[in-house]
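# Observations on the three-dimensional arrangement
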Amino acid sequence: MTLLLRAVALSFVAPFPAAAQDQLFRYQPHEQTRWVSPENPTGAKGAGGRENKGAKGHAFETIPKGGSHVLADVRGAGIIDRIWMTIEDRSPEALRGLRLEMYWDGARTPAVSVPLGDFFLHGAGQMVSMETALLASPEGRSFVSYIPMPFRTGARIVVINESPKPVNLIFFDVNYRQLAQQPADTLYFHAWWSRERATKLGRDFRILPRIQGRGRFLGASVTVLTNPVYEKTWWGEGEVKIALDGDQMSQPSLVGTGTEDYIGTAWGQGAFINRYQGAPIATWEDDGRWTFYRWHIPDPIWFHKDIEVALQVIGGARKNIVQGLLAKGAPLLPVTIDPGSRNNFQKLLESGKKLSDPSLPDGHTNYYRSDDVAAVAYFYLDRHEGALPPISGPAERLEALRKVQPK
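Residues numbered from 1 in each chain as written. Predicted model: local features only at pLDDT ≥ 70, side-chain atom pairs only at ≥ 80, totals over all residues. Heavy atoms only, no water.

Within strand E26 (residues 364-368), four of the five residues are buried, leaving the element largely enclosed by the surrounding structure. As defined by bridge partners, strand E23 (residues 314-318) adjoins E26 across five bridges and the pair is classed as antiparallel. Following the sheet pairing, Ile314 is matched in E26 by Tyr368. Judged from the five bridges that link them, strand E24 (residues 333-338) and E26 form a sheet pairing that is antiparallel. (Buried < 20%, exposed > 50% of the residue type's maximum accessible area, 1.4 Å probe, protein only. Helix = DSSP H or I, 4+ residues; strand = E, 2+ residues; numbered from the N terminus. Pairing = 2+ DSSP bridges.)

The sheet built from four strands is open, its strands ordered E23-E26-E24-E25 with antiparallel pairing. Two strands close off the open sheet at either side, each with one partner strand: E23 and strand E25 (346-347). Against the sheet, helix H6 (residues 319-327) engages E23, E24 and E26, with an angle of about 115 degrees to E23. (Contact = heavy atoms within 4.5 Å. Axes fitted to C-alpha atoms, helices over the stretch in contact; angles between N-to-C directions.)

Let's shift gears to unusual backbone geometry. Phi is positive for Asn52, close to 55 degrees, though the residue is something other than glycine. Relative to the helices and strands, Asn52 resides in the loop between strand E1 (32-36) and strand E2 (61-63). Take Asn52: its relative accessible area is 53%, and that puts it in the exposed class. Phi angles above zero are rare outside glycine, and Lys53 is one such case at about 55 degrees. Tracing the backbone shows Lys53 in the loop between E1 and E2.

Below, the discussion takes up the packing of aromatic side chains. To describe a pair of aromatic rings, one takes the distance between the centres and the angle between the planes. On inspection of all chains with the given rule, the structure shows 17 aromatic pairs. Here Trp295 and Tyr378 contribute two aromatic rings whose centre-to-centre distance is 5.0 Å and whose plane-to-plane angle is 75 degrees, an arrangement assigned as edge-to-face. Taken as a pair, Trp295 in strand E20 (residues 289-295) and Tyr378 in strand E27 (residues 372-381) lie far apart in primary sequence, 83 residues in all. Across this residue pair, the class does not change: Trp295 and Tyr378 are buried. An aromatic cluster is defined as three or more aromatic residues linked by ring pairs; in this entry it consists of Phe119, Phe120, Phe143, Phe189, Tyr293, Trp295, Tyr378 and Tyr380. When the ring centre of Trp302 is taken as reference, the NZ or CZ atom of Arg216 above it lies at 5.4 Å. (Phe/Tyr/Trp six-rings, centres within 6.5 Å; stacked < 30°, edge-to-face > 60°. Lys NZ or Arg CZ within 6 Å of the ring centre and 35° of its normal.)

Close approach of charged atoms allows side chains of opposite charge to pair. Evaluation of the coordinates by the stated rule reveals 25 salt bridges. The salt bridge partner of Arg397 is Glu162, with a shortest N-O separation of 2.7 Å. Placement of the pair is Arg397 in helix H8 (residues 394-398) and Glu162 in the loop between strand E11 (154-161) and strand E12 (167-179), with a sequence separation of 235 residues. Note that Asp372 and Arg197 form a salt bridge whose closest N and O atoms lie 3.0 Å from each other. In this pair, Asp372 sits in strand E27 while Arg197 sits in the loop between strand E13 (188-196) and strand E14 (205-212), placing the two residues 175 residues apart along the sequence. Members of the salt-bridge network, linked through shared partners, are Arg99, Glu101, Glu162 and Arg397. (Salt bridge = Lys/Arg side-chain N within 4 Å of Asp/Glu carboxyl O.)

Okay, structure coming up:
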């Protein structure tokens, strides 16, 4: 088991077993603890707190519009254990307009390239108090990561300001350990963001397009801004599908039973925050904003050749309601009718029957729909370079953001 996997195994088990507790007091002679912050921008030993005679002389930085700031630039082998930061402007434009990038071992392309808010589970443009196994925001006004991020020869973390305004205040620290070396089979942390403003009917949204290599799919966070043409109908009937090691996405190895099922709940999806799954934002009656996440820590997903992860964009309502949406011109494609048992379950795509067919029973009707969907895929891979294309630019990321409703 690599250092990375030991860290994952020991950090996210509750309650602590005795073996994990032992690690808390085991002396590690080959590890050196370092913090990078504005008060010690290099993280060097004995180099912190030198301004203003040590009395909080340099606690924050400023990032002009169109500028960037390097949070940490580390040389040598190590592992990042924790990242914390906060910013003064936490509007939807700032959360989606600031871009977080991470580079490992001098790579030319980032292994992590994600809007800051989406990375930290705030993709719906609103920060709420949360504590999960990997990411947290104790009072809904800060960003905390506990994701283990190993590197062999160096690490560089950058925040790029592509929002409409300057970042007047950004406070941060990056906590890491210097190591003599990494085990040969240590994997690199990656994260990638994508968005479809209007998903195409019948085509699954790719949370993670197919990538080659060996690694571990750590999990995903997804933000859905529901299309108002579907009124207040339920949007989350789509199944998560994961194709592994040569699978075709039409016949993947791993298939769930519905969106809310994937994150461990059922029969709809309210707001909740758990250690390994949750939905920090779920605005049923307001403006149709949802963010949800799932961490595959107790149930690891390994891949040895390639992987692809997709989400079906399927909603559901009673048959008469779906018929009413069709009559109003809503773009949708009926999929199934569930009358309440398997005996008369209707597979409309196989039968070719139209929803207006009088022989069809009444029941809950699933249908492909078109919504605004964005996602972050978190994974480990056996390559330090970025594995996917650059994410979309600020104009596309900021387009049609849904404003948070004042309370």
